[in-house]
Amino acid sequence: MAASASSAAAAAAAPRSSPENDSSAAKTARRNRVLSSKLYFDVPPTKVPVIYSSSYDIAFFGIEKLHPFDSSKWGRICQFLIADGVLVKNLIVEPMEASEEDLLVVHSKSYLDSLKSSLTVSIIMEVPPVSLLPNFLVQQKALSPFRKQVGGTIMAGKLAKERGWAINVGGGFHHCSADKGGGFCAYADISLCIHFAFIRLNISRVMIIDLDAHQGNGHERDFSNDGRVFILDMFNAGIYPHDYEARRYIDYKVEIVSGTTTNTYLKKLDKALEAAGNMFDAELLVYNAGTDILDGDPLGMLKISPDGVIQRDEKVFRFAKEKKIPIVMVTSGGYMKSSARVIADSIVNLSKKRLIDLGGSAL
Ligand SMILES: [Zn+2]
């Protein structure tokens, strides 16, 4: 509510001009920002399109332990892959941190300014004690890691176009839209990735496959009236965010109930992928691969086995490969201690099945 009130105030304060002028000026500003961004950079072919930085991980004087949350999930995924011998550390791509100019490609200035309040950030992060910290610390310890992950998701679009696939080991902040954060999501990395792809990659049709346990209301709001983006969202309808307006913007919606088990889940996914593939011809696929569908996850309330998650990811990558659509994967929600191992196992499986190529070491 606060975000919509402040954006309404910003709109009222803006100089009067016709809607066409506004939208064409906004389009030009967006285009110029994307074209002058440093987030896309050339990566040598010897590197693999797995994107990660040690600055993704959040260490917050122990405060992060108050959230039901493994805040070093991202680093642990890479550690498992390196220890398993399937990924070589110095072949990982380190992204740049998204700057304010980069974030303004999607976000309003008023929203970004609202993050200068530690109270606002504490509400988005769902960690009340964060409100007591000076904002410079909140920026440094929480928002900067998130901005680095945003840079990773944006870069993943470029690498996917070049290599056929890319995995950002972080990102997937699907509850954040241009004007509003929430549910641990402060920046709309998926929307940003897609707008960069539109302008820099000559792509005009993108499919989002959102298989996090929660509804992806952020990107749904951002692309509500944009025919260039097709959204398949399969989510537990009985949990956060209960965003009924955003649900109207889902092109292929699969609402599941708490307690859904692996076989039922995977059957629904098969049907959804087949239908979505027939409905929309995509040039880029953004896969939001949250692992909060895992049995035991306190937020997702579903009962999918670790092997079910591995099969799910394989189905989506196979779908992309068969249709020859470049795929970006982001890891999104799922912060049980077991999540990192399951994600690493899934990436190993994708490599074994030749759906991705991690450099041909042990496999
Ligand atoms: Zn989630």
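Shown above is the structure to which this text applies.
In this report, we go over the structure that sits alongside the text. The model shown is predicted, which means the values in this text are computed figures rather than measured ones. (Residues numbered from 1 in each chain as written. Predicted model: local features only at pLDDT ≥ 70, side-chain atom pairs only at ≥ 80, totals over all residues.)

Section: the overall build of the chain
Helix and strand counts for the chain stand at 13 helices and seven strands. For the chain, whose C-alpha radius of gyration is 19 Å, the value lies close to the compact-globule estimate of 21 Å for 363 residues. When its C-alpha atoms are laid out on the principal axes, the chain stretches across 60 × 45 × 45 Å. Burial analysis of the chain (363 residues in total) assigns 48% to the buried set. Look at the contacts in the chain between residues 6 or more apart in sequence, and 75% of them connect residues 24 or more apart. (Helix = DSSP H or I, 4+ residues; strand = E, 2+ residues; numbered from the N terminus. Rg over C-alpha atoms; globule rule 2.2 N^0.38 Å. Buried ≥ 20, exposed ≤ 12 C-beta atoms within 10 Å, placed from the backbone. Contact = placed C-beta atoms within 7 Å.)

Some thoughts on the pairing of strand S3 (residues 206-210)
By the criterion of burial, S3 is predominantly enclosed, with five of the five residues buried. Of the two faces of S3, both are covered, the one formed by Val206, Ile208 and Asp210 as well as the one formed by Met207 and Ile209. Pairing of S3 with strand S4 (residues 229-236), which is carried by five bridges, proceeds in the parallel orientation. Counted as the bridge partner of Ile208 is Ile231 from S4. (Pairing = 2+ DSSP bridges.)

Some details on helix H13 (residues 339-352)
It helps to recall that an α-helix has 3.6 residues per turn; residues three or four apart then point in one direction. For H13, spanning 14 residues, the distance from its first C-alpha to its last is 20 Å, which sits close to the expected 20 Å at 1.5 Å a residue. Most of H13 is tucked away, with 10 of its 14 residues classed as buried. For H13, the set of buried residues is Ser339, Ala340, Val342, Ile343, Ala344, Ser346, Ile347, Val348, Leu350 and Ser351. Elements in contact with the buried residues of H13: helix H3 (73-83), strand S2 (165-168) and helix H12 (306-322). (Expected span 1.5 Å × (residues − 1).)

A look at the sheet that holds S2
With parallel pairing, seven strands are arranged side by side in an open sheet as S1-S2-S7-S6-S3-S4-S5. The outermost strands of the open sheet, each flanked by one partner alone, are strand S1 (50-51) and strand S5 (252-256). Where S1 meets S2, two bridges bridge the pair, whose relative direction is parallel. If you follow Val50 over to S2, its bridge partner there is Ile167. Contacts between helix H8 (residues 189-200) and the sheet are confined to S3, S4, strand S6 (284-288) and strand S7 (327-330), with S6 contributing the most and set at about 170° to the helix. (Axes fitted to C-alpha atoms, helices over the stretch in contact; angles between N-to-C directions.)

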